[in-house]
Amino acid sequence: MSTFFLVVGSVMALVLGAAGAVALVTGRIVLPWFQGGVSRPGLWGAGALLLAGGLAATRRMPSGGNMPLVLVGLSLMTASQLLEEPRRTRSGRAAGSANRSK
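Throughout this description, residue numbers start from 1 for each chain and increase along the sequence as written. A pLDDT threshold of at least 70 governs which residues receive local features in this predicted model, and a stricter bar of 80 or more applies before side-chain atom pairs are shown or counted, although totals over entire chains, interfaces and linings include all residues. For side-chain calculations, the full set of non-hydrogen atoms in the structure is used, while hydrogens and water are omitted.

Colleague: When you look at the layout of surface pockets in this model, what are you seeing that I'm missing?
Modeller: Over the atoms a probe the size of a water molecule is rolled, and this reveals where empty space is left. Think of a 1 Å grid over the protein atoms and nothing else: a 1.4 Å probe that fits but is trapped marks a cavity, an open set flanked by protein within 12 Å on at least five of seven lines marks a pocket, and residues with an atom within 4 Å of a point count as lining. Grid points are joined across faces, edges and corners, and a volume is the space filled by probe spheres set on the points. The volume enclosed by the largest pocket comes to roughly 180 Å³. Of all the secondary structure elements, the ones that give two or more residues to the lining of the largest pocket are α1 (3-26) and α2 (41-56). Side-chain classes follow a simple rule in which Ala, Val, Leu, Ile, Met, Phe, Trp, Tyr, Cys and Pro form the nonpolar group, Asp, Glu, Lys and Arg form the charged group, and the remainder, Gly included, forms the polar group. Of the residues that constitute the lining of the largest pocket, the class distribution is five nonpolar, three polar and two charged. Numbering goes from the N terminus for both helices and strands, where a helix is a DSSP run of H or I of at least four residues and a strand is a run of E of at least two.

Rendered as C-alpha cells:
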C-alpha cells in the first residue's frame, strides 16, 4: 500500500474516532455535513468509532480482517440517519396521560 493511502487512512481514522467519541459523550455531531441528517447521535458515534477502528487496523490485521468492523460501523451510521427521532415526553409522564386530570 502506498504512503499516500496510509496517511489518508490514518487521518480519516483520527477524525472519525474523535467525532464518534464527541457524539457518544455529548450527543452532538461535530461534522457539519452530518448534523442535519442524523437523528440518533449516539448510534452514529458508535458506528464512527467502529469505522475508525477498522480503518486504523488496516495495516495490522491480516487481509480482510478489518472488514467486519468497517461494515458494522457503516451499518450503524446508516441506521442513525434512517431511523426516526425518539419521541420526547413532558416531565416524565407517559405520552397518553397528559390531559386526564378531569
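Colleague: Would you explain the packing of α2 against helix α3 (residues 67-82) in this entry?
Modeller: The relative placement of two packed helices is expressed as an angle between their axes plus a distance between the axes. With their axes 7 Å apart at the nearest point, α2 and α3 run at an angle of 155° to one another. With respect to α3, the axis of α2 lies roughly antiparallel. When you trace α2 past α3, the crossing you get is left-handed. Across the interface between the two elements, L43, W44, A46, G47, A48, L50, L51, G53, G54 and L55 of α2 pack against L69, V70, V72, G73, L74, L76, M77, A79, S80 and Q81 of α3. Per-class residue counts for the contact of α2 with α3 are 14 nonpolar, six polar and no charged. Angles run from 0 to 180 degrees between N-to-C directions of axes, and those axes are lines fitted to C-alpha atoms, restricted for helices to the stretch in contact. Comment on the angle field: the value is read as roughly parallel under 35 degrees, roughly antiparallel over 145, roughly perpendicular from 65 to 115, and oblique elsewhere. The handedness criterion is simple: a crossing whose near helix is rotated anticlockwise from the far helix by less than a right angle is left-handed, and one whose near helix is rotated clockwise is right-handed. Contact criterion: two residues are considered in contact whenever any of their non-hydrogen atoms come within 4.5 Å of each other.

Colleague: How should the packing of α1 against α2 be read in this particular structure?
Modeller: Taken N-terminus to C-terminus, the directions of α1 and α2 make an angle of 155°; their axes are 7 Å apart at the nearest point. If you check the angle between α1 and α2, you find them roughly antiparallel. Crossing handedness for the pair α1 and α2: left-handed. Residues G9, M12, A13, L16, G17, A19, G20, A21, A23 and L24 of α1 touch α2, and the partners they reach there are P41, G42, W44, G45, A46, A48, L49, L51, A52, L55 and A56. Of the residues belonging to the contact of α1 with α2, the class tally is 16 nonpolar, five polar and no charged.

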